[in-house]
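# Remarks on the overall topology
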Amino acid sequence: MKRIIYLACFLGIISALAGGILAYVNDVTYEKINEIAIASEKANLIKLYPNGAFEEVTFNDDSGLIKKVFKVDNGAYIYKIEVYGYKDYISFLVAIDDGKIVGYTVISVNDTPGYGMRVADDEYVNSITGTSIDADVPLLSGATISSTSVVNGIEAAIKLHQSLGGN
Amino acid sequence: MGNLITMCIAAVLINNIVLTQFLGICPFLGVSRNKESAIGMGLAVIFVIFGASILSYLLYYYVLEPMNIEYMNLISFILVIASFVQFTEMFIKKYSPVLYRSLGIYLPLITTNCVVLFVALANITSGYNFVEMMVYSLSVPTGFMLVLVIFSYIRERLAIAPVPKYFKGNPVALIVAALMAIAFSGLAGLV
Amino acid sequence: MNKQVWENFKAGFVKENPVFTLYLGMCSTLAISTSLNNALGMGVTVIIVLILSNTIISMMRKIIPNEIRIPVYIIIISTLVKSMELFIKAYAPTLNSALGIFIPLIVVNCIILGRAEAFANKHKVSESALDGLGMGLGYTFSLLLISIFRQVLGTGSLSLTNPFTEVVIFNIRIIPSDYVLSMFTQSVGAFITFALLAAGFAAINAQKKAKEIKNG
């Protein structure tokens, strides 16, 4: 019995030490990791508007797909959307202005090469950019599930865009 | 519902954990020498992954996150897995001594099986809800067992085939795995 | 350095190569060995974790109770791996996105737990640290072999980028891009490369053994 208590205490002390060390390392690296996340987000926004100034706005979204909304200084709105594609989450930005989709860029996608990954291809990007918000956003055959999710996300953004007072 | 079925098919066939994601190779090469141990190992792994994933999931969302100590996820998951494997070992020892003897040392080695930790971690990083997590945690090890059993059938034949000297054993097994990988990759674009 | 220790160190490269001869730690090996960068990044991380874990476990070998030694090793190794993961996320983010979930999976890399159990808990600190270095270098050596093979045949060029500063160190094109065999960057190529190299190592080891028997 005494042995078991000794073993349990030993395990407890080691766990506590381990936890303490990890808490320390976490503190040291936490800020740097956050900084990197913010910088990479900015880098993605700049892909759509190389010279823009961005401001994050609060929003009310029922679909749950829209994660962040940014207002660009020229009046456009950028929506950061995260949808579940074929086998993993697809995270992308869509910029809406003047009744049209003016920009679309994929931040992260982890799908089957040649199939779901095509949502990030230039071909698809070009087919989306410039379409009016009233028209149907095209799907990709062979990547039905991933592109349907992407289109759902874009449609949620269009709905939100109108409610935010964008043009 | 359709989403769940798609996830299941994807995890078992299209993104098969062994042939596409390269996890679980150690037991794949080690236990697949005969059919019975392959089936036994496969079932044990399904049981362990399903149980350990549920426990890890609950632990993460009800203990680690509220207390803001998400960085303890690695230690706590692996301890949950180790304990669950220990528990499974005792269970099998009591109810099926034959299976226990045939699995031998590979049973406690399920703890270091990459697949178990991978599923526990992936459930969190993919942001699954409880039902999706359960489907994923059942589908992935089913894919593992499927490949393991197919492989064991092939290996039984391979053991008596005329294989070149230095390829005997594991190297030729890996070539077979390569051929299976090609076969399974033909399923891409299925759904 | 006495001969036994040096022999032990050398063993990690061919005779007891963890990947091709002992078939340990294969999971991460096949998945990430698609480029030189990944191989070096993963290799160096594993070397650091191996040396530290061997050292710590060797230092504590007299006070760890025998019944709970495996859980204790696991706690020590997970702490080390998680700390490395946080450092990599903070200071080498491209390496983090390339290796992804395989960094935390180093915890279940059989090599580390295997060496702790087989060596570190029975030998002095200095010997254990050296063993960790030897096995780690052997592992990195294997990763480099597979990655060079796969990167050259699969993409035609060999490149190296500094993960801390994103500066490209070199980028040489060896095979023109029209002639690459892209299957080597995918699962098929990984298995085939592994099989060929494993057979190669088996051949080398068999020759060495035959020579030893002839001489000894």
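None of the values given here were measured: they were computed from a predicted structure. (Residues numbered from 1 in each chain as written. Chains lettered and ligands numbered in written order. Predicted model: local features only at pLDDT ≥ 70, side-chain atom pairs only at ≥ 80, totals over all residues.)

## A closer look at the overall build of chain A
The following threshold applies: Strands here are runs of E lasting at least two residues and helices are runs of H or I lasting at least four, both read from the DSSP assignment and numbered beginning at the N terminus. C-alpha atoms define the radius of gyration, and 2.2 Å times the number of residues to the power 0.38 defines the globule rule.
When you go through chain A residue by residue, the secondary structure sums to 3 helices and 5 strands. Secondary structure elements in chain A, listed N-terminal to C-terminal, are α-β-β-β-β-β-α-α. A compact globule built from 167 residues should have a C-alpha radius of gyration of about 15 Å, whereas chain A, at 22 Å, is more than 25% larger. Taking the principal axes of the C-alpha coordinates as reference, chain A spans close to 75 × 40 × 30 Å.

## Section: the overall build of chain C
In plain terms, the rule: Our contact criterion uses C-beta atoms placed from the backbone: two residues qualify when those atoms are within 7 Å.
Across its full length, chain C carries 8 helices and 2 strands. The linear arrangement of helices and strands in chain C, starting from the amino end, is α-α-α-α-α-α-α-β-β-α. For a compact globule of 216 residues, the expected C-alpha radius of gyration is about 17 Å, and chain C comes in at 18 Å, within 12% of that figure. Along the first, second and third principal axes, the C-alpha set of chain C runs to 60 × 55 × 30 Å. Long-range pairs, those at least 24 residues apart, make up 76% of the contacts in chain C with a sequence separation of at least 6.

## Concerning the nonpolar core
Soluble, globular proteins show a tendency: their nonpolar side chains are buried together. So the rule is basically this: By our criterion, buried Ala, Val, Leu, Ile, Met, Phe, Trp, Tyr and Cys residues that link up through C-beta atoms within 7 Å make up a nonpolar core. In this scheme the burial state of a residue depends on its C-beta neighbours within 10 Å: 20 or more other such atoms mean buried, 12 or fewer mean exposed, and anything in between means partly exposed; the C-beta positions come from the backbone.
Counting residues in each nonpolar core, the largest one holds 120 residues, and the members touching the most others are B:Ile78, B:Ile81, B:Val115, B:Val116, B:Leu117 and C:Phe191. The contact partners of C:Phe191, leaving out residues within four places of it in the chain, are B:Leu174, B:Ala177, B:Ala178 and B:Ala181. Judged by nonpolar contacts, the second largest core, of 31 residues, contains A:Ile78, A:Ile90, A:Val109 and A:Ala156.

## Here's the deal with the packing of helix H6 (residues 110–120) of chain C against helix H7 (residues 125–155) of chain C
Residues and elements named next belong to chain C. For clarity, the threshold we go by: Helix axes are fitted only over the stretch in contact, all axes being lines through C-alpha atoms; the angle between N-to-C directions runs from 0 to 180 degrees. Note on convention: near helix rotated counterclockwise from far helix by under a right angle means a left-handed crossing. Clockwise means right-handed. All amino acids are sorted into three groups, where Ala, Val, Leu, Ile, Met, Phe, Trp, Tyr, Cys and Pro are nonpolar, Asp, Glu, Lys and Arg are charged, and the leftover types, Gly among them, are polar.
At a minimum axis separation of 11 Å, H6 and H7 run at an interaxial angle of 145 degrees. Between H6 and H7 lies a crossing whose hand is right-handed. Two secondary-structure elements touch here, H6 through Ile-111, Arg-115, Phe-119 and Ala-120 and H7 through Ser-128, Asp-131, Gly-132, Met-135 and Tyr-139. Within the contact of H6 with H7, the residues separate by chemical class into 5 nonpolar, 2 polar and 2 charged.

## A closer look at the interface of chain B and chain C
Across the contact, 31 residues belong to chain B and 32 residues belong to chain C. Only helix H2 (25–31), helix H4 (73–95), helix H6 (114–125) and helix H8 (170–185) of chain B provide two or more residues apiece to the side of chain B that touches chain C. Looking at the side of chain B that touches chain C element by element, the count peaks at 8 residues for H8(B). Class assignment of the residues belonging to the side of chain B that touches chain C gives a composition of 26 nonpolar, 5 polar and no charged.

## Overview of the domain arrangement of chain A
Residue and element names in this part refer to chain A. Here is the rule we go by: In this document the domain limits rely on a domain assignment from an automatic tool or a database.
Looking at chain A, the domain boundaries give domain 1 (1–48) and domain 2 (54–163). Between the C-alpha centres of domain 1 and domain 2 the distance comes to 34 Å. Residue-level contacts link 4 residues of domain 1 with 8 residues of domain 2. The residue makeup of the side of domain 1 that touches domain 2, split by class, is 2 nonpolar, 1 polar and 1 charged.

## With respect to the interface of chain C and chain A
With 15 residues of chain C at the interface, the matching set in chain A holds 14 residues. The dominant element in the side of chain C that touches chain A, judged by the number of residues it contributes, is helix H4 (residues 69–91) of chain C, at 11 residues. A per-class count over the side of chain C that touches chain A returns 10 nonpolar, 2 polar and 3 charged.

## Focus on the confidence of the model for chain C
Filter applied, for reference: pLDDT measures the predictor's confidence residue by residue and takes values from 0 up to 100.
Averaged over every residue, the pLDDT of chain C is 81; the share at 70 or more is 97%. Quick note on the complex model: pTM equals 0.78, ipTM equals 0.75.

## Some words on the environment of B:Phe28
When you line up the elements, B:Phe28 lands in helix H2. Excluding residues within four positions of it along the chain, B:Phe28 makes contact with B:Val18, B:Leu148 and B:Phe151.

## Topic: the sheet that holds strand E1 (residues 54–57) of chain A
All names here are of chain A. Going by this rule: Pairing between two strands requires that DSSP report at least two bridges joining them.
Spatial ordering of the open sheet is given by E1-E2-E3-E4-E5, a layout of 5 strands whose pairing is antiparallel. The sheet terminates laterally at E1 and strand E5 (100–108), the two strands that pair on one side only. This sheet shows a mean twist of 25 degrees between the axes of neighbouring strands, independent of strand direction. Sheet topology note: the E1/strand E2 (residues 66–72) ladder contains 4 bridges and is antiparallel. Across the sheet, the residue bridging to Glu-56 is Phe-70, located in E2. Helix-sheet contacts for helix H1 (residues 2–48) involve E1, E2, strand E3 (77–84), strand E4 (89–97) and E5, and the interaxial angle to E5 is about 145 degrees. Of the strands in this sheet, E2, E3, E4 and E5 are in contact with helix H3 (residues 144–163), which crosses E3 at around 145 degrees.

## What about the packing of helix H3 (residues 36–59) of chain C against H6(C)?
Residue and element names in this part refer to chain C. With their axes 10 Å apart at the nearest point, H3 and H6 run at an angle of 35 degrees to one another. Crossing hand, H3 versus H6: right-handed. In contact with Val-49, Leu-50, Ser-53, Asn-54, Ile-57 and Ser-58 of H3, H6 contributes Ile-112, Arg-115, Ala-116 and Ala-120. Along the lines of polarity and charge, the residues of the contact of H3 with H6 split into 6 nonpolar, 3 polar and 1 charged.

## Side note on unusual backbone geometry
In the Ramachandran plot, A:Asp98 falls in the positive-phi region, its phi being about 60 degrees despite a non-glycine side chain. By the secondary structure assignment, A:Asp98 is in the loop between E4 and E5.

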